[in-house]
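Report on the structure
Here is what each chain is made of, one letter per residue.
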Amino acid sequence: MNTLTAEIQDEWISHILPFWANMKDDEQGGYYGELDYSLKLDKTAAKGGIANSRILWSFSAAYRYINSQAYADHAHHSFRFLKEKLLDPEFGGVYWSVDYQGNPLDTRKHIYNQSFAVYSLSEYYRALRNEEALELAKSLFFLIEEKGYDLGINAYKEEFNRSWQEQPNEMLSENNVIASITMNTHIHILEAYTTLYRVWPDSRVRAALENLLHILHDRMFDAKLGRLHVFFDQNWNSLLDLTSYGHDIEASWLIDDAMQGIGSENPDHKKMIIDLAYSVAKSAIQNDGSLANEREKDHLDTTRIWWVQAEAIVGFYNAYQRTNDPLFIDLVTNLWKYTKDHIIDSRPGSEWVWAVKEDGSHDQREIAGAWKCPYHNSRFCLEIMERMNK
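What counts as what
- Residues numbered from 1 in each chain as written.
- Predicted model: local features only at pLDDT ≥ 70, side-chain atom pairs only at ≥ 80, totals over all residues.
- Heavy atoms only, no water.
- 1 Å grid on protein atoms, 1.4 Å probe; cavity = no way out; pocket = protein on both sides within 12 Å on 5 of 7 lines; lining within 4 Å.
- Points joined across faces, edges and corners; volume = space filled by probe spheres on them.
- Helix = DSSP H or I, 4+ residues; strand = E, 2+ residues; numbered from the N terminus.
- Nonpolar A, V, L, I, M, F, W, Y, C, P; charged D, E, K, R; others polar.
- Pairing = 2+ DSSP bridges.
- Core = buried A, V, L, I, M, F, W, Y, C linked by side-chain atoms within 4.5 Å.
- Buried < 20%, exposed > 50% of the residue type's maximum accessible area, 1.4 Å probe, protein only.
- Contact = heavy atoms within 4.5 Å.
- Expected span 1.5 Å × (residues − 1).
- Phe/Tyr/Trp six-rings, centres within 6.5 Å; stacked < 30°, edge-to-face > 60°.
- Lys NZ or Arg CZ within 6 Å of the ring centre and 35° of its normal.
- Salt bridge = Lys/Arg side-chain N within 4 Å of Asp/Glu carboxyl O.

Taken as a whole, the largest pocket spans an internal volume of roughly 660 Å³. Residue lining of the largest pocket: 28 residues in total, with Glu 174, Asn 184, His 247, Trp 307 and Trp 371 positioned closest to the centre. Looking at the lining of the largest pocket, the elements with two or more residues in it are helix H6 (183–199), strand S14 (242–244), helix H8 (245–262) and helix H10 (306–323). Considering each element in turn, the lining of the largest pocket owes the most residues, three residues, to H6. By residue class, the composition of the lining of the largest pocket is 13 nonpolar, eight polar and seven charged. In terms of lining residues, the second largest pocket is bounded by 24 residues, among which Arg 198, Asp 257, Glu 383, Arg 387 and Lys 390 are the most central.

Okay, structure coming up:
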């Protein structure tokens, strides 16, 4: 594990962070919107709100861990772009995207996007003590609770137009359904509020976290199948027989992190964490040590997606810390070997590939883009280093 941790630290410091530092747009602000698989940079690509927040989180967390001024400078740069270009001065909230010059492009408001802004602003304050960032995080928390939370069904809604009128959830629905409620949005609100609570331990944030933990266990967790349901209608009916292995293993450690953040040791929630980890280990690990993407009914999608491998390493190591079962150490070791050999792109000027197909070829989606940013892989590196240092 010491060797593994040293390799992971080197990957983070020598490869991941320098790659994203080179994506900085000094002329228009923020970070360039796309680098395609052929490593062609598009300086006029749109800049996404989610991507900018994830970059802000990554450099803030890097500064908190390493205390390098270069990382602080990048965190300041991405914070300014969020504040000056992505925040809506009229209706509040964060735009889905702006053009390369920072002009509003897709002005819809998605709760998932707002949660990542809360997450990154909280981490930025945690690392650099910027009071303005904390106040923005608080204001977005209240906005999510006011506009996004539906007390009647005890769920967070998904998508709105610029003026906060609810509309169909196009941006976070997949597999030919339009979902009124998604597991994905709920686990990332949980993650955002956990970080906010670390820097602002307000009773309202704690109450929201406690409620989110109950939603995940009582509404989304299927104890018989050991999974979280993914998509729901507005009456909490599951829309698909779908298991998202990456989200399940990611959720397992995010739930644990939230429990520890508020000092909660609910036995049912602890069992859910462990059951999710064992279920993913049993159902999704491939012969080469990688993790499959998802299963819909009887169809297994074995695509090895970059973020799924990263989150699985954290989730399985968290399960080891909970259980002391050496199975999880073996899974971590094999996943890291697979990631080194197949997911990390050795080409100069690249980072991690999007995915590896069943035949071993690369999915030639972008290397950097609206959804491909230094969050899952940067955070996995940091989580393993911090956990091993403890």
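Picking up after the structure, the text goes on.
Looking now at the sheet that holds strand S3 (residues 47–48). Strand pairs in the sheet, formed through backbone hydrogen bonds, run parallel or antiparallel to each other. A sheet is described by the order of its strands in space; here three strands give the open sequence S3-S4-S5, paired in antiparallel fashion. Both outer strands of the open sheet, S3 and strand S5 (104–106), are each paired with one neighbouring strand and no more. Both strand S4 (residues 97–98) and S5 contribute to a ladder of two bridges, which runs antiparallel. Bridge pairing in S5 places Ser 97 opposite Asp 106.

A few words now on empty space enclosed by the protein. Applying the stated criterion across every chain, the model contains one cavity of 30 Å³ or more. In this structure, the largest cavity occupies an estimated 120 Å³ of space. Every residue lining the largest cavity is counted, 18 residues in all, and those nearest its centre are Tyr 31, Tyr 32, Ala 51, Asn 52 and Ile 55. When contributions to the lining of the largest cavity are tallied by element, the ones reaching two or more residues are S3 and helix H2 (49–66).

With that out of the way, let us pick up the nonpolar core. Core analysis: the largest hydrophobic core is formed by 138 residues, its most contacted members being Tyr 193, Leu 291, Phe 316 and Phe 380. Non-local contacts of Tyr 193, meaning those with residues more than four positions away in its chain, are made with Phe 141, Ile 144, Glu 145, Tyr 156, Val 205, Ala 208, Leu 209 and Leu 212.

For H8, built from 18 residues, the straight-helix expectation of 26 Å at 1.5 Å per residue is met to within 8% by its first-to-last C-alpha distance of 26 Å. Counted residue by residue, H8 has 15 buried out of 18 residues, so it is predominantly covered. At the C-terminal side of H8, Gly 263 shows a positive phi close to 70°.

Let us look at the packing of aromatic side chains. In this structure the tally under the stated criterion is 26 aromatic pairs. A network of ring pairs unites the aromatic residues Trp 57, Trp 96, Tyr 112, Phe 116, Tyr 119, Trp 371 and Tyr 375 as a single cluster. It is Arg 365 that lies over the ring of Trp 354; its NZ or CZ is 3.5 Å from the centre. Directly above the ring of Trp 306 sits Lys 372, whose terminal nitrogen or CZ lies 5.0 Å from the centroid.

Turning our attention to the pattern of salt bridges. The tally for this structure, following the rule as stated, stands at 33 salt bridges. Glu 123 serves as the salt-bridge partner of Arg 126, at 3.4 Å between the closest nitrogen and oxygen. You can see Arg 126 and its partner Glu 123 sitting in helix H4 (residues 111–128), three residues apart, about one turn around the helix. What makes Arg 126 partly exposed here is its relative accessible area of 27%. A salt bridge links Arg 379 to Glu 191; its shortest N-O distance comes to 2.5 Å. Residue Arg 379 is located in helix H12 (residues 376–389), and its partner Glu 191 is located in helix H6; the two are separated by 188 residues in the primary sequence.

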